[in-house]
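Here are the chains, one letter per residue:
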Amino acid sequence: MEKNEKFSREGYLNENYHYFHLRDTAGQERDFHFHEFDKIVILLSGHVDYIVENRSYTLRPWTVLLVKHHTIHKAIIDKKEPYERVIIYLDRKFFDWVLPKARLGDCFEIADKSGNELLMPEKEQKKALSALLRAYETAEKDKGYGAEAMGDTLIMQMLILIGRMSAAVSDGAEKGYDPKIREALSYINENLNHELSVETLAEQVYLSKYHFMRLFKAQTGSTVHAYVRQKRLLYAARLIREGMSAARAASESGFSDYSAFHRAFKESFGVSPGSLRD
């Protein structure tokens with residue numbers, strides 16, 4: 001895609017993982033994009049907001065952001081502050097092959113399913129994470145016997161720590177949602193190609209239409225219509241990236257009118273569905 005397009009595949013990973021420790025005053029701010037690999041962002045200093053799919057997060061020092069492969073995201077950087085971060089690109093297949101029973105990539109699945117991509121380590125977790133980062137950067141400079149294996153084991157330890165953090169945050173977040181809204185969100189995700197009007201959703205959770213609308217807005221920060229529309233567009237984008245035709249993706253994601261889908265897609269992502277597929 002051209003550089004002026006707002007939605008693109010970025011970065012390639014030819015290794016099992018790649019570790020970056022970056023310090024600058026501006027950062028490398030990109031428009032909406034996605035990767036073929038999983039990505040961890042650990043903010044050390046500065047102020048940055050991340051938009052991940054239809055969710056927005058404000059990062060603070062030592063917050064950990066999990067970005068699953070094929071997930072659309074964008075960083076909005078406050079360039080008035082020094083920006084320091086660790087970014088790790090991961091080929092999950094490598095870790096599944098080395099430790100198949102450990103399921104080290106599950107933290108990305110948990111984050112994606114629960115909508116809790118941002119993790120805040122507790123005091124002891126932050127100490128452990130800081131120690132692992134220092135140990136990895138020391139091992140990275142080591143050219144002696146077993147240095148590469150040492151780096152691999154340290155990345156695995158980070159994934160174990162982050163996986164435990166992710167599971168704990170997911171449990172807490174689910175309890176924070178009203179059960180009716182949690183049920184409605186699950187129903188939306190499982191029925192994107194079916195009728196999802198306010199009336200239909202309210203009936204599913206046994207609430208009056210207007211009470212459901214007020215509760216949904218209070219819990220999610222979005223109207224029902226806007227939330228469903230964005231979820232459908234994101235699902236269609238994922239199907240197109242996986243090789244499905246734009247017309248079929250529109251139908252599979254619940255759009256009956258292709259021209260309306262085309263307009264909404266271009267308005268949301270800055271490119272046409274066909275351009276994304278190409």
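Structure: above.
Residues numbered from 1 in each chain as written. Predicted model: local features only at pLDDT ≥ 70, side-chain atom pairs only at ≥ 80, totals over all residues. Heavy atoms only, no water.

K.L.:
Give me the lowdown on the packing of helix α8 (residues 224-241) against helix α10 (residues 258-269), citing residues and values where you can.
P.N.:
Where α8 contacts α10, the two axes come as close as 11 Å, and the packing angle between them is 90 degrees. Our classification of the angle between α8 and α10 gives roughly perpendicular. On α10, the residues that touch Arg-229, Gln-230, Leu-233, Leu-234, Ala-236, Ala-237 and Ile-240 of α8 are Phe-261, Ala-264, Phe-265, Glu-267, Ser-268 and Phe-269. Its residues assigned to classes, the contact of α8 with α10 shows nine nonpolar, two polar and two charged. (Axes fitted to C-alpha atoms, helices over the stretch in contact; angles between N-to-C directions. Helix = DSSP H or I, 4+ residues; strand = E, 2+ residues; numbered from the N terminus. Parallel < 35°, antiparallel > 145°, perpendicular 65-115°, else oblique. Contact = heavy atoms within 4.5 Å. Nonpolar A, V, L, I, M, F, W, Y, C, P; charged D, E, K, R; others polar.)

K.L.:
Go over α8 with me, naming the residues and quoting the values.
P.N.:
Three or four residues apart is the spacing at which side chains of an α-helix point the same way, because the helix has 3.6 residues per turn. End to end, α8 covers 26 Å across 18 residues, agreeing with the expected 26 Å (1.5 Å per residue, within 8%). Of all 18 residues in α8, 13 are buried, a share of seventy percent or more. Among the residues trailing α8, Gly-243 stands out with phi positive, at a value near 110 degrees. (Expected span 1.5 Å × (residues − 1). Buried < 20%, exposed > 50% of the residue type's maximum accessible area, 1.4 Å probe, protein only.)

K.L.:
If you had to explain the side chain of His-73 to someone new, which residues and values would you point to?
P.N.:
Among the structural elements, His-73 can be located in strand β8 (residues 73-77). Judged by its relative accessible area of 0%, His-73 falls in the buried class. Of the polar contacts made by the side chain of His-73, one reaches the side chain of His-35; its length is 3.4 Å. A polar atom in the side chain of His-73 sits 3.4 Å from the side chain of Lys-39. Among all residues touching His-73, those that are not within four sequence positions of it are Asp-31, Phe-32, His-33, Phe-34, His-35, Lys-39, Tyr-50, Ile-51, Val-52 and Val-67. (Polar contact = N/O pair within 3.5 Å; in protein donor to acceptor, adjacent residues only side chain to side chain.)

K.L.:
Talk me through the pattern of salt bridges; I want residue IDs and the actual numbers.
P.N.:
The final tally for this structure, using the stated rule, is ten salt bridges. Here Arg-23 ties to Glu-84 by a salt bridge, and the two come within 3.0 Å at their closest N and O atoms. You can see Arg-23 sitting in strand β2 (residues 17-24) and its partner Glu-84 sitting in strand β9 (residues 83-90), a full 61 residues away along the chain. You can call Arg-23 exposed: its relative accessible area is 59%. Between Glu-124 and Lys-127 there is a salt bridge, with its nearest N and O atoms 3.7 Å apart. Taken together, the residues span about one helical turn, with Glu-124 and Lys-127 both in helix α3 (residues 123-141) at a distance of three residues. Among the residues examined, Glu-124 registers a relative accessible area of 54% and is labelled exposed. Taken together, the salt bridges that share partners define one network made up of Asp-38, Lys-68, Arg-92 and Glu-109. (Salt bridge = Lys/Arg side-chain N within 4 Å of Asp/Glu carboxyl O.)

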